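Given next are the chains, with one letter for each unit.
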Amino acid sequence: MKKLGDILTGENPFEEILMGNEAVVRAMIETGTKVVTSYPGSPTPEIATAIQSVTETERPFYFEFSVNEKVATEVAFGAALNGNLSCVFFKSVGLNVALDTFVQLGLMNIIGGMVAILGDDPGANSSQNEQDNRNVYKMSRVTVLEPASPKEAYEYYKHAAALAVKEQTVVVLRLTTHVCHARQKVKFDAYKNTPSYRTDFNSENGPYIALTTMALDMKRKSIKKLHRSKQYIRQAGLNMELASQNSRKKGIITSGLTYLSLLDVLETAAYRPDILKLGAVNPLEEISILSFLKAHDEVLIIEELDDILEIQIKAMAYDEGLTVKLIGKKEDEDYVGEYTPDKVRGKLVSVWPDITTDNPKAFVLPFDIPARPAQMCPGCGHRSAFFAIKKALGKEDVTVADIGCHTLGYMPPYNIGEVLMCMGASPGMASGLSLFNDKKRVVAFLGDSTFFHAGLPGLINTIFNHHNMTLIIMENGTTAMTGHQDHAGEEISIESLLKGLGIENVFLCDTYKQEKLTDLVKTAMRIDGISVVIASHPCMLKFTRLQRKKPGFIQKHITIDQETCNQTHDCVEQFGCPTFIRNPDQSVDINLDLCIGDGSCRPSCPQQAIDFDKGVK
Amino acid sequence: MKAYNIHITGVGGQGIGLLSQALLRGIDHAGINALAVDTHGLAQRGGVVVSMIRCGDKIHSPMIMKNSADLVLGMEIHEAMRGLETALKKGGTLVYLDVSWQPLGVRLGLNTELTANDIQTACESIGAVAVKVDTRTMDDSRMQNMALLGTIAKQRIVPGVSKQNYDDALEDLLSGEMLRKNKEIFNAYA
């Protein structure tokens, strides 16, 4: 077996099939990155998995999950001020959390250099929006490289590190979901471990206090750094022209994975326009772009999400007085969704109908295929919690969701959580909803990792301003949604913290004790002011995986006594564990592939027809 | 080699990750250029998981265009049907497990559950080749992926890739007891 940790730390050059998220870890090792920080979030958590595949003793750098993206950025920045090359990585919306710190980075003389791997999520595969973080990079005055594949992710990280060290600045490596998760064979270079950490912080390397006129001088410097970035981009050949034999003076400017989508579409095209692929999407390097514009009569800019390149390129052409026809986004849909090969084909044909490419028709089958939304796992403590809490809620009461596995409570059959914003927003939103509202009780939900991440300020505000709400902390002991990363709850008890904040009404309950939980929530909801219920049960996906690894493990199940069952269907319709099978004759069975025998479903049956299967071998 | 596209689909928790990696590495061991991509945002929470593999010479993005897959692998009946409708190309092949994990709507009594017969009917209506893999005798459902891989190896469904290539891929990916158990099932179907 090839172990990922051994692959990533090998000293000789090698070729291996790796995911984009794994390939960048080899680049961290080769470039001598010394400090790496993160808060988990798709599409980047496998970077951490790859890092953790190398044992701490073998790992040539320090790694931590910080409490949120802002703190992760600050830790990486501080480490780089000591002279260590550092890296922070997180997901698209994580930049919103980190922004207060992030916008300052461009102003700073980061003597060790810093790389930020930021994973955008076009198509909102696992995010609350598909925000285009390129909108922020101009404001922050940072250089941004955008790879199209795992191979380029590895190579561009090395460019980012080289430029960051050279200019003592931060460079962003902009990944997108399907670059992170693509797999391909990549050639890697040799690596020699140089185990040395620096502690060279000296305020004379700054200034590091961006106040009054200093802030403007620092801004001037950051502008100069971007000019030099453009030289680097040009010398490194990061913007790459792909000339065709038969261009008809037509060209296309694109970047990232959209470039590969385009190449696939052009495989069956009637003709091939020339292509300029931008490897650096901020700042735009004018020389390569202007020379491309001048060589063509018509240039189409195909870019995923917002029209960032388009607006800047049109401005460049205007300033130069060029007559080239520039075509960018036209329809609203041009701003929406991932630029898959299908989407790029549609755009291409809408602009140049004579380029017609293959477009197979979807089959129309005589069957309705039921949708399959994500579900809470079998045995999930959140399911027991929602099942119990629903009994405590009145029809008028308002439920406020937050980010995490428990967000899935908004779906049937629970329908709990009627408004969702972002990490840690529920206490604040609930406070606002509670104003002038003495008829409806407002109940907010918050996960334990999110509590530490961004939930605390909202909660403290609730205490400070005497808001009237019940907060239910859905505690599963891990950062479950993104793959079970540790969080601050390992070290800090939420209960002690709440009591330390002076909250008098804090109730604790294991969610499997459903009747007790219903009663506690009812009690909590009757209290004026803030009341908190910690509804806890360990993540059963994590627990079951650990159990299965133990020798002699036997999978337990539950069973339904078909004699006792009178098909009220509370188990399958109200409790809603995916383990239940509804047969065509309306009898209910257990899917043994899914059932983990936790028995949390038993209280849902009014006939007590569900029990542990004692016949298991 | 002409481009050959494989669309693998199922439900989170069925072991699509290992199947996809074994196929990708098997194709690589056969000396064929290959790319893959997983979509697994909320996959662990019982949602749809799709993995795509593309092999051959003129391939660029790992993402397959709609209805352009030469092969759809369905680890679950409903997802096999979805793959058939959205991913399979005309005259393509569907290899699927006769396994149903009922979607929410079926459990709530709002939708009708699909069956292997429906899959056969659908495949006949569009001229697709259907290969059903029966795993009802298997003790551990988490190794159903190996039954699919074995069937693909036995029928040499992916052009130019031999059983030995998949064997080598499994050796890359697993060790010890896990390797032994997975190979046992792989060999039983191969």
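Residues numbered from 1 in each chain as written. Chains lettered and ligands numbered in written order. Predicted model: local features only at pLDDT ≥ 70, side-chain atom pairs only at ≥ 80, totals over all residues.

So, the overall build of chain B
Scanning chain B for helices and strands turns up seven helices and six strands. In chain B, the succession of α and β elements from N to C terminus is β-α-β-β-β-α-β-α-α-β-α-α-α. Projecting the C-alpha coordinates of chain B onto the three principal axes gives extents of approximately 50 × 40 × 30 Å. Within chain B, the proportion of its 190 residues that are buried is 59%. Summarising the internal contacts of chain B: among those between residues at least 6 apart in sequence, 65% fall at separations of at least 24. (Helix = DSSP H or I, 4+ residues; strand = E, 2+ residues; numbered from the N terminus. Buried ≥ 20, exposed ≤ 12 C-beta atoms within 10 Å, placed from the backbone. Contact = placed C-beta atoms within 7 Å.)

What to know about the nonpolar core
Residue and element names in this part refer to chain A. In terms of nonpolar packing, the biggest core is built from 235 residues, with V115 and Y157 touching the most fellow members. Top contributing element to this core by residue count: helix α7 (residues 150–167), with nine residues. Beyond its immediate chain neighbours, meaning those up to four positions away, V115 contacts C87, Y157, A160, A161, A164, V171 and L173. (Core = buried A, V, L, I, M, F, W, Y, C linked by C-beta atoms within 7 Å.)

Some words on the sheet that holds strand β1 (residues 4–11) of chain B
Note on sheets: strands pair through backbone hydrogen bonds, and any given pair is parallel or antiparallel. Taken together, the eight strands give an open sheet; going across it, the order is β1(A)-β8(A)-β2(B)-β3(B)-β1(B)-β4(B)-β5(B)-β6(B), and neighbouring strands pair in mixed fashion. Of all strands in the sheet, those with a lone pairing partner are β1 (14–19) of chain A together with β6 (129–133) of chain B, marking the two edges. Here the strands of the sheet are splayed against their neighbours by 20 degrees on average, with no regard to which way each runs. Here strand β5 (residues 88–97) of chain B runs beside β6 of chain B; their pairing, made up of five bridges, is parallel. Across the sheet, T93 of chain B pairs through a bridge with V129 of chain B, a residue of β6 of chain B. Across the face of the sheet, helix α4 (residues 116–126) of chain B comes into contact with β5 and β6 of chain B while running at roughly 160 degrees to β6 of chain B. (Pairing = 2+ DSSP bridges. Axes fitted to C-alpha atoms, helices over the stretch in contact; angles between N-to-C directions.)

Quick look at the environment of A128 of chain B
Residue and element names in this part refer to chain B. When you line up the elements, A128 lands in the loop between α4 and β6. When the C-alpha positions of A128 and G91 are compared, they lie 4.9 Å apart, and in sequence the two are 37 residues distant. Each residue touching A128, except ones within four places of it in the same chain, is listed here: L84, L88, G92, T93, L94 and C123.

Section: the domain arrangement of chain A
Residues and elements named next belong to chain A. Looking at the assigned domains, one finds that chain A contains domain 1 (4–235), domain 2 (240–355), domain 3 (381–543) and domain 4 (554–612). Spacing between the C-alpha centres of domain 3 and domain 4 amounts to 28 Å. Contacts between the two partners involve seven residues from domain 3, matched on the other side by ten residues from domain 4. Examining the composition of the side of domain 3 that touches domain 4, we find that three residues originate from one element, helix α14 (residues 381–392), more than from any other. Taken together, the residues of the side of domain 3 that touches domain 4 sort by class into four nonpolar, two polar and one charged. (Domains from an automatic or database assignment. Nonpolar A, V, L, I, M, F, W, Y, C, P; charged D, E, K, R; others polar.)

Observations regarding the sheet that holds strand β2 (residues 35–38) of chain A
Residues and elements named next belong to chain A. What the seven strands build is an open sheet, ordered β3-β2-β4-β5-β7-β6-β12; its pairing is mixed. Bordering the open sheet on either side are β3 (62–65) and β12 (280–282), each of which pairs with just one other strand. For this sheet, the mean angle separating the axes of adjacent strands, direction not counted, is 20 degrees.

A word on the interface of chain A and chain B
Taken together, the 51 residues of chain A in the interface contact 53 residues of chain B. Mapped onto the side of chain A that touches chain B, the elements with two or more residues apiece are β8 (182–188), α10 (256–266), α13 (341–351), α20 (570–575) and β21 (580–582) of chain A. By residue number, the principal contributor to the side of chain A that touches chain B is α10 of chain A, which donates five residues. In terms of residue class, the side of chain A that touches chain B is built from 29 nonpolar, ten polar and twelve charged. Strand direction decides the pairing type here: β8 of chain A and strand β2 (residues 34–39) of chain B, joined by two bridges, are antiparallel. Its bridge partner being in β2 of chain B, A182 of chain A is matched across the sheet by V37 of chain B.

Focus: the pairing of strand β5 (residues 114–120) of chain A
Residue and element names in this part refer to chain A. The buried fraction of β5 amounts to seven of the seven residues, a majority that puts the element mostly inside the structure. Burial along β5 is two-sided: the face carrying M114, A116, L118 and D120 and the face carrying V115, I117 and G119 are both buried. With helix α5 (residues 94–105) bridging strand β4 (residues 86–91) and its parallel neighbour β5, the resulting β-α-β unit is right-handed. Here β5 runs beside strand β7 (residues 170–176); their pairing, made up of seven bridges, is parallel. The residue of β7 that forms the bridge with A116 is V172. (Right-handed = clockwise from strand over helix to strand, strands pointing away.)

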